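Single-letter residue listing:
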Amino acid sequence: MISSIVFINHKGEILIYRVYKDDITRSETTQFCAKIVATKENKECPIINIDGTSFIHITIKDIVVLATTKVNVNVAMTLQFLYQLVKVCRAYFGGEFDENCIKKHFVLIYEILDEVMDYGVPQIADADLLKKYIQEGGLKPELMNDVEKLKQLTSQATGATSWRPPNLVYRKNEVYLDVIESVNVLMSVKGTILKADVAGSIQVKCLLSGMPECKFGMNDKLLMQREPRKPGQTTTDKGITIDDLKFHQCVKLPKFDKERAITFIPPDGQFELMTYRITENINLPFKIMPVYNELGKNKLEIRVKIKSIFEKNLFATNLAIKIPVPKNTANVNTNSAIGKAKHEPDQQGVIWRIKKYPGDFEALLRCEIDLGSTTNQQPWIKPPISMEFQVPMFTASGLRVRFLRIYEKAGYKPTKWIRYITKAGEYLHRL
Amino acid sequence: MAYFGNNQQRGELQELYADLNDLNFEKKKEAIKKVIAYMTVGKDVSQLFQSVIKCLEFQDIEMKKLIYLYIVNYSRQKPDDAIMVIQNFRKDVRKSENPLVRALAIRTFGCLRVPKLNEYLIEPLKDCVQDDDPYVRKTAVLCVPKVFEVSPELCPALLEQLQKLLEKESNALVLANLIQSMREIEVVNGKQLIVLNPKIIQKLLLAIDECMEWGQIFILDYLATYDPVDSKQAEIIIERTLPRLSHINPTVTFCAVKLILKYLDYLNNGDLVKNLCKKISPSLISLLSWNQPEIQYTILRNISLILQKFPILFENEVKVFFCSFNEPYYIKYEKLDIMVRICDSKNFHQVLNELMIYINEADPHFVRKTIKSIGKIAVMYDKALAEAVSILVEFAKNVQQTNEAVQELFIQMQIIYRKNRNLYKTNDSLKILFSIIDYANEPEAKSACAWIIGEFAEFIPKSVEKMGEYVDNFILEDRLVQLQILTSGVKLYIKYPSLCSALIQQLINSAKDSFNPDVRDRTYIYWRLLSTDPEIVKNLICYVAVGSSQFQKDIRLWETKDLITALENMGSISNLFHKLPNQLYKNIKVRNNNQQEVKIYKADEKQEVPSKEQEIKKDDQIQQQQQQPKQDFDLLNFEEPVSNNNNNNNNNNNNNNNNNNNNNNNNNNKIDVYDLI
């Protein structure tokens, strides 16, 4: 499988070097560092073959996390493992992952590397679980001598519900659900929708005692069709079509496959229960209508109208519309009724920011762009207009959580909270 | 930070040596950390071996791990010193009550990789394989291939033990590691070790539900190499695998897709196959829009394989492959490639519309690929010709300087003209191309230009002058260009004998002294022919191929017979490079697939059972007719996927303001507050 894992900084210096199989020499890796990382060639492809050695890598900010191998490994698995490794490190370093904290915690990283992979084969790589027996500065001696506790730990780690420790107790049992949707849209110059989808995620914060069994339901069309209709129930909500769902490891997948029911024993604390993808019947929260005019040789005019298409009593927040301008822009005059628009040369665009934007509302921005003279004969390649926003209490897909039932031996009644938010993913309109 | 300082002084090793032998425990520990830091940056600290292993007497587990790391790194350089730690390991493995310590010892022990130490390892390892604690077992199981690689002669008993364990092991995680470990040994050994029977298969399938994500991958990956005995068994395994399509780890999903796709061949129920395809497709599409570009890339690299065997999966899904502006270029290249493959006589309009946008991108290489793709589509589908050419002509009009894309434009236009000679009549493409002809500077592009001038001399106003320029610079040109200038020059002479007599003299004079034997030979042939019978030359050289059979549409990547092997290796490095494993790795033997025939799955409503792929014929005769060096498309047949016509246009629905928001009651004003359900 994998021969070694290496952390490299942007200059091509090795920060962490852990060998799992001795079919690789250090000089092969330093060659990769000098030739590829230092010349930034690694940005061009995530896998590079040099003389029979494959270098599979990801780049997190300035750090290259590299796996080397000489055999025909599963690349997707290797990449996913590297991502997971970074996730574990972040969990240990309070969310950070940079050169300083790698150098500061290198002893801990070696300990983690020893545990997450053995002989190049990925092993336990769950941060919550690892934290139970790998800690900065070593474990408490009490634990190391308590054989019973250790046995419990190893049986959890290798068991079927490795993500949840037994015997948790909370005085107040609570569950928080966050439904977060990112809308990805690509509109053509003429304003027709080329591509639109919603990438959703349901985040759960779970503060529950014992071993609760949860059952989760949404207005999923396929599930609702299966349910027997109760007498007197209105049939207005037919549910929505979900293209695809991906679940956290705690969800019982065979049960979902058979009954489309989402059941699980949750991990403790925060986790991502599921992600989903929807392409049908998406309610786009905003419409962008740009008009582009060339007024003579050195003058451009771009007018952008945006319209919010959601209920009046809702608000979008933190809007930022980026209107690209040519490199040789000398001056931009902007004019809009709400928000602030400013030319930001480092972004090569005019950024129009609006703090709060009501539903069912239109706004217009007019930009007059003066161009400086340039020697570059190339016509301006117009990048698309992009948009950022958040709309709380709104889901672009129309997804609603219908229930979350929790069964536990103790029979407690937990408090359940939910909120919805829709964000812009890649919200683009070609110019 | 302090550990990584660059101010290495001479006495450093001595200092460390002193600290390691210090009586103060904290000082020792700090010294060990320093040793590891030096090791990381590549400094040789092997001289400290003895001092370091002396520190093993402390029970501090953090320090123990660091020392083990050190030992593993240097054991092969210092095998004699390494013997000294053997007792320590054996004590840990046998005596420690702590499963973590037992596992750590056996894990490290296996990594020493010194043949003479392995004798001491066998007995403790046998114990560990039978340990009560699953955590120790899963570690011990992975230790066996480590030992096997170095000292296979010591292992027969261990291997037997593993086979027994496969029968009786109940812990899913151990089982997954066991499978992976036995596969590693199989690779080294070259012999089959895992013997599957229905009971074990059943057990593995159960284990998939219970073990962690990596374990699921190992098992699915292994089962994908298994050939089910009959349709019934294939169905059972597929059924147990289906739930994995919803796993959050993209590799688990991908391995499940791989297994199911492979097993489809064994099913004899056409409806079931169709249903399965319906389930796989959305799952794959999710992977294609995965938010980690590297993962997306690996999946994209496998799509052409899937597309070749299962065109049905991406029916009407061409939009998935549209490039987004901010994607890394390595993704965009792949998507472009796939868009050409997925393009058919129904969706070409959609594809061309999208490609048109890419022509304006900033990256010259990407634009070049786009031009090439448009050219390919124009040649593949006659219906698409007019539209594709108009895009290319529009591009040509805006060319103001030479760049990569322009070169490709000439190359593609040549191919298009070859196939559709009459194209020059229908638009002004020739005129526009000729106006930018000076921008051609790559050999292939230049030779394309020379061909165009020769072929369409009558329709280009200053063709003879232009050819004169080419002939003037003949000696400086590349071989490819020289050959084409020669042929085109002769063509011009045939067309305008009096006007070109000086030109042909000059051309033959320069060409007969060319350094290149091919050029010389061809020159003499033309020369002799021209001096004996110009009529023959005319028939030979101004021959217009009737029909366009040499432009078959093939964009097939894999040989049909290799499809199954490729499918089994989906996701692996070899597939990523579009090769078979044995082409990339010498030690890998490809299993002989005594498979009936390779099935291709198309969306065709009439046929219940997937149709068989037809024989592929190479048309050798056609190649002879071509005087030109071969272009980069293959001359193979290509069956166009027959698709049913349910173009679900999702867009229309988008403006429907579905008022699903029934739940928006009075809570609306609490914008950032959680709602009670």
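- You'll find chain B entered in an unreviewed UniProt entry as AP complex subunit beta, with Paramecium pentaurelia given as the organism.
- The heading Subcellular location (unreviewed entry) in the UniProt record of chain B holds the text "Endomembrane system".
- As recorded by UniProt, the Sequence similarities (unreviewed entry) comment attached to chain B reads in full: "Belongs to the adaptor complexes large subunit family."

- For chain A, the name recorded in an unreviewed UniProt entry is MHD domain-containing protein, with Paramecium pentaurelia as its organism.

1. Some words on the pairing of strand β5 (residues 63-69) of chain A
Residues and elements named next belong to chain A.
- Counting buried positions over the seven residues of β5 gives seven, a clear majority of the element.
- Burial of β5 is two-sided: the residues Ile63, Val65, Ala67 and Thr69 facing one way and the residues Val64, Leu66 and Thr68 facing the other way are all buried.
- Pairing analysis gives six bridges linking strand β1 (residues 2-8) to β5, with the strands arranged antiparallel. The residue bridging isoleucine 2 from the neighbouring strand is threonine 69, located in β5.
- Both strand β4 (residues 53-60) and β5 contribute to a ladder of seven bridges, which runs antiparallel. Note on β5: the bridge partner recorded for phenylalanine 55 is threonine 68.
- Between β4 and the antiparallel strand that follows it, β5, lie two residues; lysine 61 among them carries a positive phi value of about 50°.

2. Examining the packing of aromatic side chains
- Per the counting criterion, the structure on display carries 30 aromatic pairs over all chains.
- Here tyrosine 358 of chain B and phenylalanine 366 of chain B contribute two aromatic rings whose centre-to-centre distance is 5.5 Å and whose plane-to-plane angle is 50°, an arrangement assigned as tilted. As far as the burial class goes, tyrosine 358 of chain B and phenylalanine 366 of chain B line up, both buried.
- Considering the side-chain rings of tryptophan 451 of chain B and phenylalanine 456 of chain B, the 6.1 Å spacing of their centres and the 85° angle between planes classify their relative orientation as edge-to-face.
- Grouping aromatic residues by their ring pairs yields a cluster made of Phe286, Phe310, Tyr357, Phe361, Phe389, Phe394 and Tyr427 of chain A.
- The lysine or arginine in question, lysine 205 of chain A, covers the ring of tyrosine 176 of chain A, its NZ or CZ lying 5.4 Å from the ring centre.
- Residue placement shows arginine 405 of chain A over the ring face of phenylalanine 403 of chain A; its charged tip is 3.8 Å from the ring centre.

3. Some thoughts on helix α14 (residues 250-264) of chain B
All names here are of chain B.
- In this model, α14 (15 residues) spans 21 Å end to end at C-alpha, consistent with the 21 Å of a helix rising 1.5 Å per residue.
- Most of α14 sits inside the fold, with 15 of its 15 residues counted as buried.
- Two or three places before threonine 251, at the start of α14, stands the capping residue asparagine 249, its side-chain oxygen 2.9 Å from that residue's backbone nitrogen.

4. Remarks on the interface of chain B and chain A
- Listed as interface residues are 121 residues of chain B and, on the opposing side, 121 residues of chain A.
- Where chain B abuts chain A, roughly 10,700 Å² becomes buried across the two surfaces, and 56% of that area is made up of carbon and sulfur atoms.
- In this structure, glutamate 111 of chain A and lysine 65 of chain B form a salt bridge, with 2.9 Å as the shortest nitrogen-oxygen distance.
- Scanning the region where chain B abuts chain A turns up 35 residue pairs in polar contact (both at pLDDT 80 or more).
- It is helix α8 (residues 134-150) of chain B that provides the largest number of residues to the side of chain B that touches chain A, a total of eight residues.

5. Considering the nonpolar core
- Grouped together as the largest cluster of nonpolar side chains are 297 residues, with contacts concentrated most on Ile5 and Phe7 of chain A together with Phe314 of chain B.
- Discounting residues that sit within four places of it in the chain, isoleucine 5 of chain A has contacts with Ile16, Tyr17, Arg18, Tyr20, Leu66, Ala67, Phe81, Leu82, Leu85, Leu113 and Met117 of chain A.
- By size, the runner-up hydrophobic cluster in this structure holds 75 residues, among which are Trp163, Val183, Leu365 and Val391 of chain A.

6. Observations concerning the sheet that holds strand β14 (residues 286-294) of chain A
All names here are of chain A.
- Reading across the sheet, the four strands line up as β14-β15-β20-β17 and stay open at both edges, with antiparallel pairing between neighbours. Of all the strands in the sheet, just β14 and β17 (329-336) have a single pairing partner and so form its edges. For this sheet the average axis-to-axis angle between neighbouring strands, irrespective of direction, equals 15°.

7. Here we look at unusual backbone geometry
All names here are of chain A.
- The backbone phi angle of asparagine 167 is positive, close to 60°, even though this residue is not glycine.
- Within the fold, asparagine 167 resides in the loop between α7 (147-158) and β8 (174-187).
- Overall, the relative accessible area of 61% leaves asparagine 167 in the exposed class.
- Here the phi dihedral of asparagine 281 falls at roughly 50°; this positive angle occurs in a residue that is not glycine.
- Residue placement: asparagine 281 occurs in the loop between β13 (269-278) and β14.

8. Overview of the environment of valine 52 of chain B
Residues and elements named next belong to chain B.
- Tracing the chain through its elements places valine 52 in helix α3 (residues 49-54).
- Judged by its relative accessible area of 2%, valine 52 is buried.
- For the pair valine 52 and tyrosine 70, spaced 18 residues apart in the sequence, the C-alpha separation amounts to 8.2 Å.
- Discounting chain neighbours no more than four positions away, the residues touching valine 52 are Leu20, Ile32, Ile67 and Tyr70.

Calculation rules
Residues numbered from 1 in each chain as written. Chains lettered and ligands numbered in written order. Predicted model: local features only at pLDDT ≥ 70, side-chain atom pairs only at ≥ 80, totals over all residues. Heavy atoms only, no water. UniProt positions renumbered as here; feature names shortened; annotations may be inferred. Buried < 20%, exposed > 50% of the residue type's maximum accessible area, 1.4 Å probe, protein only. Helix = DSSP H or I, 4+ residues; strand = E, 2+ residues; numbered from the N terminus. Pairing = 2+ DSSP bridges. Phe/Tyr/Trp six-rings, centres within 6.5 Å; stacked < 30°, edge-to-face > 60°. Lys NZ or Arg CZ within 6 Å of the ring centre and 35° of its normal. Expected span 1.5 Å × (residues − 1). Polar contact = N/O pair within 3.5 Å; in protein donor to acceptor, adjacent residues only side chain to side chain. Contact = heavy atoms within 4.5 Å. Buried area = accessible area lost by both parts, 1.4 Å probe. Salt bridge = Lys/Arg side-chain N within 4 Å of Asp/Glu carboxyl O. Core = buried A, V, L, I, M, F, W, Y, C linked by side-chain atoms within 4.5 Å. Axes fitted to C-alpha atoms, helices over the stretch in contact; angles between N-to-C directions.

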